[in-house]
Amino acid sequence: MPTSVLLPEGELRVARCDTLDKLIAVGDGDAALLYLYTLRHGGTADGKAAARALHLSAERYERAAFTLNQLTAPAVPQKEDKPDAAPQYTADELRRARLDDQRFAAVCQSAEGVLGRTLTEGQLRCLLTAYDHLGLSAEAIIELLSYLKGEKGTVRLADIRREAYQWADMGIVTAQDAQQYLSRRVNEKPLSEAVYKALGADPAQPAPKEQRVCRFALAHGFPPEAVALAAARTDKHQGHKSLDYTLGILRRWDESGVHTVSEITALEPEIRAAVGQTAAQPTDSATLAAWEQKWEESRRETRRKRLEAEASGI
């Protein structure tokens, strides 16, 4: 039978159960030790002191801190997830906006051409939100509608709402902004499709978070192979797909000034060992698992030698 564990009484510290559940699920021993150390020291810890106390190398400490920060970071709701932040236009306001504003009337006419039917009140509200609340010009919205028609064929209200919020977030509010952005999209399409495939996403219908990771990768010069490497590392450390974690890895690499697979593997020995002689290709789970096993064996051997040295009084 397994040995039972009984913790002694003493000074108490309160741990969050949700954080403990995440740590158990991830199975990262260094991150768990760092959490206990931080908890013991009142919720904050000096990095160098923590690394010394836990006998962690600089690389292992950074890895543990990154994992712990990702697990404990609060979720940030996206703008498109909060439609109630927009004004609640009345039916009369919608009618007057279309009658009194020629530019908005042109938007409505263009939308009816794209959708192939008379606008409903909900569709009018979405368009007026983009025009009046988000600040997209009439010309920019018409460019947006034309782009969606060309990309999707059948355009839904959700497509218009999501794209309008994303354009507003990116500062695309004029016709010139829209034309420059769409021109880049055409040139980047083969590359963006490869990035989506590296993330395991459908290039034809990427989710908002997948689009955010893709935009970051393209804007900061990450090739699809590097994105695949980040996705594989996420699967290994998290045990499941986590786009927030993958984006965090890409942000860390960008801060370190590395973007290609060869640059990344030169910086991080663990990935260099995983990729081996095929550094130009994304790592697979079997190779990464083999590296992880070697890493665990090395860690156990280091601890065994340390315990032997302590026992012999060296």
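Residues numbered from 1 in each chain as written. Predicted model: local features only at pLDDT ≥ 70, side-chain atom pairs only at ≥ 80, totals over all residues. Heavy atoms only, no water.

Visitor: Can you help me understand the overall build of the chain in this one?
Guide: For the chain, the helix and strand inventory stands at 16 helices and 0 strands. Per-residue burial for the chain yields a buried fraction of 38% across its 314 residues. Expressed as a percentage of contacts within the chain between residues at least 6 apart in sequence, the contacts between residues at least 24 apart total 62%. Carbon and sulfur atoms make up 53% of the accessible area of the chain, which amounts to about 18100 Å² in all. (Helix = DSSP H or I, 4+ residues; strand = E, 2+ residues; numbered from the N terminus. Buried < 20%, exposed > 50% of the residue type's maximum accessible area, 1.4 Å probe, protein only. Contact = heavy atoms within 4.5 Å. Areas by Shrake-Rupley, 256 points an atom, 1.4 Å probe, with all protein chains shown as cover.)

Visitor: What am I meant to see in the packing of aromatic side chains here?
Guide: If you walk through the whole model with that rule in mind, you get 3 aromatic pairs. Seen from their ring centres, W167 and Y181 are 5.6 Å apart, and the 75 degrees between their planes marks the pair as edge-to-face. Of this pair, W167 sits in helix α9 (residues 157-169) while Y181 sits in helix α10 (residues 175-198), placing them 14 residues apart in sequence. W167 sits in the buried class, given a relative accessible area of 0%. (Phe/Tyr/Trp six-rings, centres within 6.5 Å; stacked < 30°, edge-to-face > 60°.)

Visitor: Help me understand empty space enclosed by the protein in this model?
Guide: Overall, the coordinates contain 3 cavities of 30 Å³ or more when judged by the stated rule. When its volume is computed, the largest cavity comes out at roughly 40 Å³. If you go around the largest cavity, the residues you meet are R63, F66, T67, R233, H237, Y245 and R252. Mapped by element, the contributors of at least two residues to the lining of the largest cavity are α4 (58-72), α12 (224-238) and α13 (243-256). (1 Å grid on protein atoms, 1.4 Å probe; cavity = no way out; pocket = protein on both sides within 12 Å on 5 of 7 lines; lining within 4 Å. Points joined across faces, edges and corners; volume = space filled by probe spheres on them.)

Visitor: When you look at the nonpolar core in this model, what are you seeing that I'm missing?
Guide: Generally speaking, nonpolar side chains in soluble globular proteins are found buried as a group. Counting 34 residues, the largest nonpolar core has F104, L127, I160 and W167 as the members making the most contacts within it. When contributions to this core are tallied by element, the ones reaching two or more residues are α5 (91-100), α6 (102-115), α7 (121-133), α8 (138-152), α9 and α10. Sequence-distant contacts of L127, defined by excluding residues within four places in its chain, comprise F104, V107, C108, A111, L119, I141 and I160. (Core = buried A, V, L, I, M, F, W, Y, C linked by side-chain atoms within 4.5 Å.)

Visitor: Would you explain the packing of α8 against α10 in this entry?
Guide: For any two helices packed against each other, the geometry comes down to the angle between their axes and how far apart the axes lie. Packing of α8 against α10 brings their axes to within 8 Å, and their N-to-C directions diverge by 25 degrees. Looking at the two axes, α8 sits roughly parallel to α10. Classified by chirality, the crossing of α10 by α8 is right-handed. The segment α8 lies against α10, with E139, A140, E143, Y147 and E151 engaging A175, A178, Q179, L182, R185 and K189. Class assignment for the residues of the contact of α8 with α10 results in 5 nonpolar, 1 polar and 5 charged. (Axes fitted to C-alpha atoms, helices over the stretch in contact; angles between N-to-C directions. Parallel < 35°, antiparallel > 145°, perpendicular 65-115°, else oblique. Left-handed = near helix turned anticlockwise from the far one by under 90°. Nonpolar A, V, L, I, M, F, W, Y, C, P; charged D, E, K, R; others polar.)

Visitor: Is there a simple way to think about α6 in this case?
Guide: Structural remark: α-helix, 3.6 residues per turn; residues separated by three or four positions point the same way. In this model α6 runs 20 Å from its N-terminal to its C-terminal C-alpha over 14 residues, within 8% of the 20 Å that 1.5 Å per residue would give. Along α6, the residues that are buried comprise F104, V107, C108, A111, V114 and L115. The buried residues of α6 occupy one face: seen down the axis, they fall within an arc of 120 degrees. The exposed set on the far side of α6, more than 90 degrees from its buried face, consists of Q102, Q109 and G113. Buried residues belonging to α6 abut α5, α7 and α8. The opening residue of α6, the one whose side-chain oxygen lies 3.0 Å from the backbone nitrogen of R103, is D101. Just past α6, the residue G116 takes up positive phi, approximately 80 degrees. (Expected span 1.5 Å × (residues − 1). Arc of directions from axis to C-beta. Polar contact = N/O pair within 3.5 Å; in protein donor to acceptor, adjacent residues only side chain to side chain.)

Visitor: Would you take a moment to explain the side chain of Q211 for this structure?
Guide: Within the element layout of this structure, Q211 appears in helix α11 (residues 208-219). Exposure remark for Q211: the relative accessible area of 10% places this residue in the buried category. Here P206 takes part through its backbone oxygen, which lies 3.0 Å from a polar atom of the side chain of Q211. Those residues in contact with Q211, other than ones at most four positions away along the chain, are R162, Q166, Y196 and P206.

Visitor: So what exactly am I meant to see when it comes to the confidence of the model for the chain here?
Guide: The predicted coordinates ought not to be read in detail in places where the model reports low pLDDT. In the predicted model, the chain carries a mean pLDDT of 78, and 76% of its residues have values of at least 70. The model gives residues 1-7 a pLDDT under 50, and that stretch makes 0 contacts with residues more than four places away or in other chains. The low-confidence segment residues 75-84, where pLDDT is below 50, has 10 contacts with residues more than four positions distant or belonging to other chains. (pLDDT = per-residue confidence, 0-100.)

Visitor: Can you help me understand the pattern of salt bridges in this one?
Guide: Side chains that differ in charge, positive against negative, can pair when their charged atoms come close. Using the criterion set out here, one finds 11 salt bridges in the structure. The partner of K209 in a salt bridge is D244, with the nearest N and O atoms 3.1 Å apart. Of this pair, K209 sits in helix α11 while D244 sits in helix α13, and the two are 35 residues apart along the sequence. Taking the relative accessible area as the measure of exposure, D244 reaches 40% and is therefore partly exposed. For the salt bridge of K241 with E210, the shortest nitrogen-to-oxygen distance reads 3.2 Å. On the criterion of sequence distance, the pair formed by K241 in the loop between α12 and α13 and E210 in helix α11 is long-range, its members being 31 residues apart. Residues joined in a network through salt bridges with shared partners are D92, R95 and R96. (Salt bridge = Lys/Arg side-chain N within 4 Å of Asp/Glu carboxyl O.)

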